[in-house]
Structures are given as structure tokens and as C-alpha cells.
Amino acid sequence: MTSPAFGFPKNFIWGAATAPHQVEGNNIASDWWAREHSPRTDVSEPSGDACDSYNRYGEDIKLLAESGLTMYRFGIEWARIEPAEGCFSKAQLLHYRRMIDTCRERGVEPMVTLYHFSMPLWFAAKGGWSRPDALEKFERYVRYVLQILDDVTWICTINEPNMVALTQGGTQGTDFIAASLPAPDPVISKALVSAHHMARGVIKEQLPESKVGWTIACQAFHAVPGCEKEMEEYQYPREDYFTKEGAGDDFIGVQAYLRTFIGKNGPVPISDAAERTLTGWEYFPPALGIAIRHTWEVAGHTPIFITENGLATNDDRRRIDYTFDALADVHEAMDDGIAVLGYLHWSLLDNYEWGSFRPTFGLVGWDKKTFERQPKPSLGWLGDISRTHMVAHPYR
Ligand code: GCO
């Protein structure tokens, strides 16, 4: 029996996402680069040239556009724009402007992330998001970048503030698995909220037509029976606090991959029987539907944009299975009246997964010696969905 096909509204947006440090390469003025090259590094390999998307973004956007996808979410790297404190690079700014222009030439709508985990080393060196002047420094950067965003509609201020807070503002990295999320730093959590509100205000003042939001790492928390209270206490500072602060924005970004069970003493390890992904997470496609429903309630019916969802696997057929099942739940949530504006797959490219190239999330792979792009069947499959507004499973 083949799985039934299901349709999405014609104005639903389909695309793919990346983050600058994960794809560009040679982001040498950032805290992450310093961490990767520290003699005491805790990561298994450095980002190096990453996917060389800094030079090859034109090819990447072309592949995305030719597949049928119509949105590219990419980020601006603060460490390139302001490599030393107060020293702003016009040339780097114009690089990102060319990326926006390339999207437009290809009929692709850009969604621009202003901050995606990595930060300038000078900013991190004095405490990152816990510095007393963090807001002021971030505001100066945001205002500088706004010069090239005048015709950009979709802007994401901060990616996964909840993960940034858990990793002490980025300075301790993000090479985590859900089973061991540390406690968030309340000072950093508050600083991130202020930074988001500030950025949203500044952007809306200059670009009233823009659509601004932030994107939340959604963990699809489940309580072990009898541990509902423990789950709520665990969940609030790690997710809901940030989701509530996005209420009333033009959109809230849902980024979902996995679920997390909470017992009496916090997260419960994944069962040995569970299928695992290359990140070590449980293979669990329903995470997206659960995250959408939860976010819709917590953010007071703020429209949802799925800004990340995907699977780290070497088996592209499994990527399609995962995405198909996740999309079936999105469809059901929309049928129940939840406003979902679009779906951006994580990720366009196999990329640097914060410490290692091993977990491959990409719709597109690339040759390790030549960087030659190697689109996978999942790219064509998702592109067809975008063109036809119909989701069908190719071989089930
Ligand atoms: C994140 C990111 C991405 C990750 C992705 C898979 O939110 O963690 O936005 O940078 O690569 O989530 O782990």
C-alpha cells in the first residue's frame, strides 16, 4: 500500500537553511575558530574551509533554486563584519549583499539570520553574552548590517537563544546531546531576550514591512509518568521562557529534531532499542508536530515558521522517510488551525556540525577534495513538493 499524498497551501514557503560558521569556511575571527584551534580543544575537528560556501554560495543558491525550493535561510557572520572591536568591514557587508542579490536573481526569497551561535572572539573574550555591554555591542552590529537589508522581508534575530544560554553564551560551545543539557545561565538568558527585543525594535523602526522573529530549539519534552511537574520545571528555563518572549512577533521559528524524556532526576537516556541518528539522537519524526503544537500554545498563537528540521544520516532514503513523516504531522497541525508559514529543511549542505563533519544533514553533499556539489535525491524530492504543493512518498 502506498502512503497517501497530501497537499499544502500554495503560499506555503519551502526552502532550506544553513548557518555561516557551518558552511562558509575560514571564519578566523570568531570564538569558534579559536576554540577549534586551542591546544585544549574539546572538538574532534576544526571547521577549516567548511563547505567553502563563502566562495561557492552562487552554486549553492542555484542548486536550491533549480530544485524548486524558493527560500534560502542563511546567516551573517558577526565576526566577519566586525573582526576587531569597532572595526567594521564594508567589503564583508557587501559580500552578504551579493548573496541577497543572488537569491533575488534566482527567484529565491532570503531569510537572514543575524546571529547563529558563533561570535567575534573579541566579544567572547570579555564574557560574550554576559558582558555588561553586550546589548550595546550587538545593537551597533545590527544597525550596521541593516544597511544591506532594506529589501529583505524575513529576518531572524538570534538563532536558538535557549541553546546559547545553555552553553553559557556560546563560549562553551554547542556540541551537546539532548540527554545532557546543562542549566541555562539566567543572566545570559535575560541578555538574549533584551537583545532580541532591541533588534526587533530597531529593525521594525527602519523596515516596517519586514517580518522579524527568533528561532527556538524545541525539544519535544515528554514526562515520564508521574514526573509532569519535574518536566515543567526542566522545560521552562530551557525552552518556554524563550518561546514566550517571541509571542507577538511576526513569526516564531520552530527547530525540531528529537524528543527528550524527563524523569525525577532530569533527562532519561534514550532506550537502547531506539534507532539513532549520526548525532546520537533518537530517530523521532513526530518531534516536529509536537513542537509546533507546543509552540503555538506557549507563544499565544504567533504564526510559526519551521526554520529547521532534518536528519543526520548517510542514508538519503531515511532522510526522505523522516521528512515525509514530519510533514504529515505539520499537515495535520495546520488542519487543526495552527498557522504554519513555511518549512526550511536543515540543511542545504552537509556541513560542520559544531565540532565534526561526520553528522551529515545535507540535501547536497560535496567532494572532499574539490568541493564539487553532489545533490542528493532528497533535494529533488523536496523541490518537487515546493513546485507541486503536494507531498508524496517516492517509494513507500
Ligand atoms: C542548531 C542549529 C544548527 C545545527 C542543527 C543540527 O540549532 O543547533 O541551528 O546549527 O547544526 O540544529 O544540530
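Coordinates for the structure precede this section.
Residues numbered from 1 in each chain as written. Predicted model: local features only at pLDDT ≥ 70, side-chain atom pairs only at ≥ 80, totals over all residues. Heavy atoms only, no water.

J.: Explanation requested: the state of the cysteines in the structure shown.
T.: What we call a disulfide is simply a covalent bond connecting the sulfur atoms of a pair of cysteines. Taken as a whole and judged by the stated rule, the model has zero disulfides. Note on Cys218: no disulfide assigned, nearest cysteine sulfur contributed by Cys156 at a separation of 13 Å. (Disulfide = S-S within 2.5 Å.)

J.: I keep staring at the nonpolar core and nothing clicks. Help me out?
T.: Nonpolar side chains tend to gather and get buried jointly when the protein is soluble and globular. Grouped together as the largest cluster of nonpolar side chains are 101 residues, with contacts concentrated most on Trp14, Trp129, Phe138, Leu149 and Ile292. If one sorts the elements of this core by residue count, helix α9 (residues 186-206) sits on top with eight residues. Not counting residues within four places of it along the chain, the set of residues in contact with Phe138 comprises Trp78, Tyr115, Trp129, Thr157, Ile158, Ala195, Met198 and Ala199. Of all hydrophobic cores here, the second largest spans 18 residues; its members include Leu258, Tyr283, Tyr322 and Trp346. (Core = buried A, V, L, I, M, F, W, Y, C linked by side-chain atoms within 4.5 Å. Buried < 20%, exposed > 50% of the residue type's maximum accessible area, 1.4 Å probe, protein only. Helix = DSSP H or I, 4+ residues; strand = E, 2+ residues; numbered from the N terminus. Contact = heavy atoms within 4.5 Å.)

J.: Even after reading the chapter, I still don't get the site of the ligand, so can you show me in this structure?
T.: Around the ligand, the surrounding shell holds 13 residues, and the nearest of these are Gln22, His116, Glu160, Glu308 and Glu353. A distance of 2.5 Å is found between an oxygen atom of the ligand and a side-chain nitrogen or oxygen belonging to Gln22. Here Tyr257 contributes a side-chain N or O atom positioned 3.1 Å from an oxygen atom of the ligand. Protein chains bury 98% of the 310 Å² of accessible surface belonging to the ligand in isolation. In the shell around the ligand, the residues fall into six nonpolar, four polar and three charged. (Near = heavy atom within 4 Å. Polar contact = N/O pair within 3.5 Å; in protein donor to acceptor, adjacent residues only side chain to side chain. Areas by Shrake-Rupley, 256 points an atom, 1.4 Å probe, with all protein chains shown as cover. Nonpolar A, V, L, I, M, F, W, Y, C, P; charged D, E, K, R; others polar.)

J.: Explain the packing of α9 against helix α10 (residues 228-245) here, please?
T.: Put simply, α9 and α10 touch, their axes get as near as 11 Å, and they point 20° apart. What the angle tells us is that α9 and α10 run roughly parallel. Judged by the sense of rotation from one axis to the other, the crossing of α9 with α10 is right-handed. Contact with α9, carried on its side by Ser189, Lys190, Val193, His196, His197 and Arg200, involves Tyr241, Phe242 and Glu245 of α10 and no other residues of that element. (Axes fitted to C-alpha atoms, helices over the stretch in contact; angles between N-to-C directions. Parallel < 35°, antiparallel > 145°, perpendicular 65-115°, else oblique. Left-handed = near helix turned anticlockwise from the far one by under 90°.)

J.: What is the right way to look at the pairing of strand β2 (residues 13-17) in this model?
T.: The side chains of a regular strand alternate, first on one face of the sheet and then on the other. Among the five residues of β2, five are classified as buried, and the element is accordingly described as predominantly covered. On β2, burial covers both faces: Ile13, Gly15 and Ala17 on one face and Trp14 and Ala16 on the other are all buried. The pairing of β2 with strand β12 (residues 340-346) spans five bridges and is classified as parallel. By the bridge assignment for β12, Ala17 is matched with Trp346. As paired strands, β2 and strand β3 (residues 71-75) are joined by three bridges and run parallel to one another. If you follow Gly15 over to β3, its bridge partner there is Met71. (Pairing = 2+ DSSP bridges.)

J.: Any chance you could explain the pattern of salt bridges here in plain terms?
T.: Side chains bearing opposite charge may pair, as long as their charged atoms lie close to each other. Applying the stated rule across the entire model yields 31 salt bridges. Arg35 serves as the salt-bridge partner of Asp42, at 2.7 Å between the closest nitrogen and oxygen. Residue Arg396 is joined to Asp325 by a salt bridge in which the shortest nitrogen-to-oxygen separation is 2.8 Å. With Arg396 in the segment after β15 (390-391) and Asp325 in helix α12 (residues 316-335), this pair connects stretches of sequence that are 71 residues apart. Owing to a relative accessible area of 34%, Arg396 belongs among the partly exposed residues under this scheme. With relative accessibility at 23%, the residue Asp325 sits in the partly exposed group. Among the charged side chains, a salt-bridge network with shared partners connects Arg97, Asp101, Arg104, Glu109, Asp150 and Asp151. (Salt bridge = Lys/Arg side-chain N within 4 Å of Asp/Glu carboxyl O.)

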